[in-house]
Amino acid sequence: MKQNQWMNTDSNSFFKRRRAGAVVVALALALSALVWREQSISVVAAADPIDATAVAAAIEKLPVVGTVLLTAAHPDDENNALLAYLARGLHLRTAYLSATRGDGGQNLLGTEQYEALGILRTEELIAARKMDGAEQYFAQAYDFGFSKSADETLEKWDRNGVLGDYVRTIRRLRPDVIISRFTGTPSDGHGHHQSSGILTKEAFRAAADPARFPEQDAEGLKPWQATRLLLNRGGGGGRGGAGDGFTITLGGFSPLYGQQFGDLGMEARSNHRSQGMGGARRASTYTTSFTLVDHVGAQAPKELFDGIDLTLGRFTKMSGGNALIAARVAEIEKTIQQASAAMSPFAPEKALPPLAQGLGLLRQLRQQLELPNMTADMKEHALFLLAQKERDFEDAITLAGGVYYDALASAGELVPGSTFTVTVSGAVRARDLIQAGIPQLHAPRGWKIEPATSGTPGGTPAGAGNSNGRIEASFKVTVPADAPASQPYWLVLPRRKDSFNVAPAPGMGDAADPALLSVRLPLSVTVGAGGAGGDGGQNRLNAESHKNVGYGYTDRIYGERENPLAVVPAIGVWLEPGVSVFPVGVKTTRMVRVRARSNVEGAQTAVIRLQLPAGWTSVPAQHPVSWKEKNEELSVRFEVSPPASAITGVSETVPFTAVAESGGQKFSTGYMVIDYPHVETRHLFQPAAGKLLRLNVKVAPGLKIGYIMGSGDDVATGMQQLGVNVTLLGPEEVSYGNLQQYNVIVTGIRAFEVRQDLATSSARLDEYVKNGGSLIVQYSRPGGIALPWAPLAMSMGSAPRVSVEEAPVEMLVPTHPLFNFPNKITAADFSGWVQERGTYFMDSWAPEFTPLLASNDPSEPPQKGGMLVAPYGKGLYAYTGYVWFRQLPAGNPGAYRIVANLISLGKVPVR
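This one's a predicted model, so the numbers in the text were calculated from it and none came from an experiment. (Residues numbered from 1 in each chain as written. Predicted model: local features only at pLDDT ≥ 70, side-chain atom pairs only at ≥ 80, totals over all residues. Heavy atoms only, no water.)

Caption draft 1: The arrangement of the pairing of strand β2 (residues 93-98) in detail. Counting buried residues along β2, six of its six residues qualify, which places the element largely inside the surrounding structure. Residue alternation in β2 divides its side chains into two sets, Arg 93, Ala 95 and Leu 97 and Thr 94, Tyr 96 and Ser 98, and both sets are buried. Strand direction decides the pairing type here: strand β1 (residues 67-72) and β2, joined by six bridges, are parallel. Of the residues in β2, the one forming a bridge with Thr 67 is Arg 93. Following the chain from β1 across helix α4 (residues 80-89) to the adjacent parallel β2, one finds a crossover that is right-handed. The pairing of β2 with strand β3 (residues 135-138) spans four bridges and is classified as parallel. The residue of β3 that forms the bridge with Tyr 96 is Gln 136. For the handedness criterion, the β-α-β arrangement of β2, helix α5 (residues 115-132) and β3 is classed as right-handed. (Buried < 20%, exposed > 50% of the residue type's maximum accessible area, 1.4 Å probe, protein only. Helix = DSSP H or I, 4+ residues; strand = E, 2+ residues; numbered from the N terminus. Pairing = 2+ DSSP bridges. Right-handed = clockwise from strand over helix to strand, strands pointing away.)

So, in structure tokens, the structure goes:
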């Protein structure tokens, strides 16, 4: 049988010919920003852009059948240039599987840490995928911080559980090719990286073994064997590692997108803003390299898709070369060619008739696949691929026909028991070829949906007889009184060790929860004259479009924005600070602030109180409060006093909560709104709970501290809890203020990385220390605005760190004031640490520095560069890489005592 131009098992030749055939259309698209000339219909702007590039890309995707899965450990580990090339250039279904959500990393943007940081980095990955065109998935592993060994990582993660996550994603996506970013050996560095490489190798075979993870069969997941596993090392911009088996060029310049696919990938990568991953385009061609790790079959493949049919001809092969199937595939390919030839940036609707005909033929192919002599597994997989291709056709039809609509709610934060409206508004521009049916609103079980206007269900729809092409409907929606808050699904239950506790479900592994509400819009499409797949006499077929319901608003700075809907409590409650320290032996009270926000319409009253342990008291005992309107927020203060009884040992920690009572209900939950311009807004719900810490701790009297905040931390708040006078120093104070008024100046984490004023203030800091000030510098990574300033030479070199939080710590100079004034520090003060000991230690330093602490991970030499002090002039300089920014918010007693001594050095004549 003669092959048509779409059918070729040599995938590289296939893609070269197909791109050449589309170059005329692509060049026209690059030269024109016009989409439709129709100006008579006023349409509300949709959240997702519809332009000629999107239409052409959707048509280009139709003849391609194939899936690639890339695996790694964290957000930012992916090769964005490769993803863009595979998804946007080759139009393959492409996905990135990250073992973690990056919860344990650092944050260059704000104060989010741990789970909150994981949400932010998840959203950054989603934003990157929207640009490079790939899909995003996750295993349920928690990023517990830097790890130096795979053994530690896999023990903490629960190796078998995370392996099951990898297998689940493979079985769900059924990739032809799996690409790992890591080798699974110590050369990968980070223990998470090593573990991702190990798990990918094991999952490649385990996913095909029905005896492994048989419980996934209940989720509808069948065993799947990918054809090959490849290793792709190197940077996120596409560079591969040396000595790899073969190298490919990532597509060169794309007229369709007006740039190289590698540049598109770098643009996507720049969404990793919390990690400072902004990158620039480069004039050179992007390449990347691969090494074969494992494969099926006797002959080892020598290219990325060697021997894999990525065309619709795959269905013919799966049918054993059945002539009827081959003929039908040829007909479908012909309609795609016709749609590509008819496509115009000025009239994309001209591609509609052949697209509709192709969809009808594809549906006939589904029926014909029941006829050939195919195994049950082969037939099931063919139908799996056909379902994906049917969605691709419907997407192309929707775009080419200008089906353009919004689905917006009247409120973004929804309260249980409340009622709001959803408005669907838009138009079908190619109204002679597509007609929209009645929009259907879908909501979770228990939500009540009613028409908001009289007439047909759902309001006033653009039905089959609607000649002006309008899409209009409105709904009244009532939230159930017991609707749960919109907590991200992986955070609903407490973690098991260092893996998220998620019950197996169809969406397990998704980047985010599905939208609360979505709209299904039925479409009736005209099929080309005499074409197949219509309904007989009328030559029409049915399709559908889907859109999530969001909340649209106008931001004064960023303009039109749209956020996902979220269920929030009627009253949000926050307790600040999270840790209150009460030095033993001092008659001390601490002020606790409770913030409360009304999320219901109209006036509301409540009583706020603290739920304290026995013996603790607050003044007042309760606060009556009232709100006049929705979104009003107020705060009340309580003066908390500890019991008179003595404590046993150095410290005593007890929990407490804040509660607002209103209408017979108790509210004790607040939420962090994670909102940045480059990502969608998300909520992290947290109990209004804190810790009361009674502690044997002292600080030198009369301390006055200036704190230079970096990328965001709570160390200044922790110092205030010790009763110290702390002033935050802005750029004006650092550059021109009277620094000598402060006994101690402390720079926050990554301050030199993000503070431009510090890059030009070395002379000011030099003068401050020379004249008797004490400067304490917390870690700041290399590669930012400036390196940490020091009056004497020091270097991070390889930036040593101690990742094991239980690692022993040695006091190198036991007589030093750091360990004796005003608190006697012992080994017990280093117990109970969270996540790690320290990061970004110094590797070398001038002899004038005295290292005070030594610690190391197992099988490594002692690291002494985490606490360095040196006299300078009349003052003192100290550098510390120990992670006080994690310990103080966690309420670690020993960390408070050591920090109290550290800042008290400003009152000690250490020379």
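Caption draft 2: Local environment of the environment of Phe 144. Looking at the element boundaries, Phe 144 is found in the loop between β3 and α6 (150-157). Overall, the relative accessible area of 5% leaves Phe 144 in the buried class. Spatially, the C-alpha atom of Phe 144 lies 8.5 Å from that of Gly 105, the residues being 39 residues apart in sequence. Contact partners of Phe 144, with chain neighbours within four places excluded, come to Glu 152, Thr 153, Lys 156, Trp 157, His 192, Asp 498 and Gln 835. (Contact = heavy atoms within 4.5 Å.)

Caption draft 3: Seen up close, the sheet that holds strand β24 (residues 590-598). Taken in spatial order, the four strands of this open sheet run β22-β24-β28-β26, and their pairing is antiparallel. Of all strands in the sheet, those with a lone pairing partner are β22 (571-576) and β26 (617-619), marking the two edges. In this sheet, neighbouring strand axes are inclined to one another by 30 degrees on average, regardless of whether the strands run parallel or antiparallel. Strand direction decides the pairing type here: β22 and β24, joined by six bridges, are antiparallel. Directly across from Ile 571, in β24, lies its bridge partner Ser 598. (Axes fitted to C-alpha atoms, helices over the stretch in contact; angles between N-to-C directions.)

Caption draft 4: Local environment of the sheet that holds strand β36 (residues 744-747). With mixed pairing, seven strands are arranged side by side in an open sheet as β35-β34-β36-β37-β44-β43-β41. Every other strand in the sheet has two partners, leaving β35 (725-728) and β41 (850-851) as the edge strands with one partner each. As paired strands, strand β43 (residues 867-872) and strand β44 (residues 875-880) are joined by six bridges and run antiparallel to one another. Across the sheet, Val 869 pairs through a bridge with Ala 878, a residue of β44.

Caption draft 5: Local environment of the packing of aromatic side chains. Inspection of the entire model under this criterion finds 18 aromatic pairs. The interplanar angle of 65 degrees and the centroid separation of 6.2 Å between the aromatic rings of Tyr 257 and Phe 261 together place this pair among those described as edge-to-face. Overall, Tyr 257 belongs to the partly exposed group, its relative accessible area being 21%. Classification of Phe 261 as buried rests on a relative accessible area of 5%. Among the aromatic residues, ring-to-ring pairing joins Phe 830, Trp 833, Phe 841, Tyr 882 and Trp 884 into one connected group. Its guanidinium or amino end placed over the ring of Tyr 404, Arg 429 lies 5.2 Å from that ring's centre, counting from NZ or CZ. (Phe/Tyr/Trp six-rings, centres within 6.5 Å; stacked < 30°, edge-to-face > 60°. Lys NZ or Arg CZ within 6 Å of the ring centre and 35° of its normal.)

Caption draft 6: Spatial organisation of helix α18 (residues 762-770). Taken together, the buried positions of α18 are occupied by Leu 765, Asp 766, Tyr 768 and Val 769. Seen from one end, α18 has its buried residues packed into an arc of 165 degrees, which puts them on one side. Summarising the contacts, the buried residues of α18 are in contact with β36, α16 (751-754), β37 (774-778), β43 and β44. (Arc of directions from axis to C-beta.)

Caption draft 7: Just the nonpolar core, in detail. Judged by nonpolar contacts, the single largest core of 78 residues is most densely connected at Met 719, Leu 775, Phe 849, Tyr 877, Tyr 879 and Trp 884. Among the elements that take part in this core, helix α20 (residues 893-904) stands out by supplying seven residues, more than any other. Ignoring anything within four residues of it in the chain, the contact list for Leu 775 reads Ile 745, Thr 747, Leu 765, Tyr 768, Val 769, Trp 789, Leu 876, Tyr 877 and Ala 878. Ranked by size, the runner-up nonpolar core spans 65 residues in total, among them Leu 62, Met 318, Leu 352 and Leu 565. (Core = buried A, V, L, I, M, F, W, Y, C linked by side-chain atoms within 4.5 Å.)

Caption draft 8: Quick look at α20. The terminal C-alpha atoms of α20, which comprises twelve residues, lie 17 Å apart, in line with the 16 Å expected from a rise of 1.5 Å per residue. Counting buried positions along α20 yields eleven of twelve residues, so the element is predominantly enclosed. (Expected span 1.5 Å × (residues − 1).)

Caption draft 9: A look at the packing of α4 against helix α9 (residues 261-269). Look at α4 against α9: their axes get within 7 Å of each other, and the N-to-C directions meet at 120 degrees. One finds that α4 runs oblique with respect to α9. Handedness of the crossing formed by α4 with α9: right-handed. Facing α4, whose interface residues are Asn 80, Ala 81, Ala 84, Tyr 85, Arg 88 and Gly 89, α9 presents Phe 261, Gly 262, Leu 264, Gly 265, Ala 268 and Arg 269. (Parallel < 35°, antiparallel > 145°, perpendicular 65-115°, else oblique. Left-handed = near helix turned anticlockwise from the far one by under 90°.)

Caption draft 10: Summary view of the pattern of salt bridges. This structure, assessed with the given rule, holds 48 salt bridges. The closest approach of N and O atoms between Arg 212 and Glu 202, which form a salt bridge, is 3.4 Å. Here Arg 212, found in the loop between α8 (191-206) and β5 (228-231), pairs with Glu 202, found in helix α8; they are ten residues apart in sequence, far enough to count as distant. On the basis of relative accessible area, Arg 212 is assigned to the partly exposed category, the value being 26%. The partner of Arg 561 in a salt bridge is Asp 675, and the shortest N-O contact between them spans 3.6 Å. Remark: Asp 675 occurs in the loop between β31 (669-674) and β32 (682-687) and Arg 561 occurs in strand β20 (residues 559-564); sequence separation between them is 114 residues. Under the relative-accessibility criterion, Arg 561 is labelled buried at 12%. Note on Asp 675: relative accessible area 37%, which makes it partly exposed. Taken together, the shared-partner salt bridges in this structure form one network comprising Glu 576, Arg 593, Arg 595, Arg 597 and Glu 633. (Salt bridge = Lys/Arg side-chain N within 4 Å of Asp/Glu carboxyl O.)

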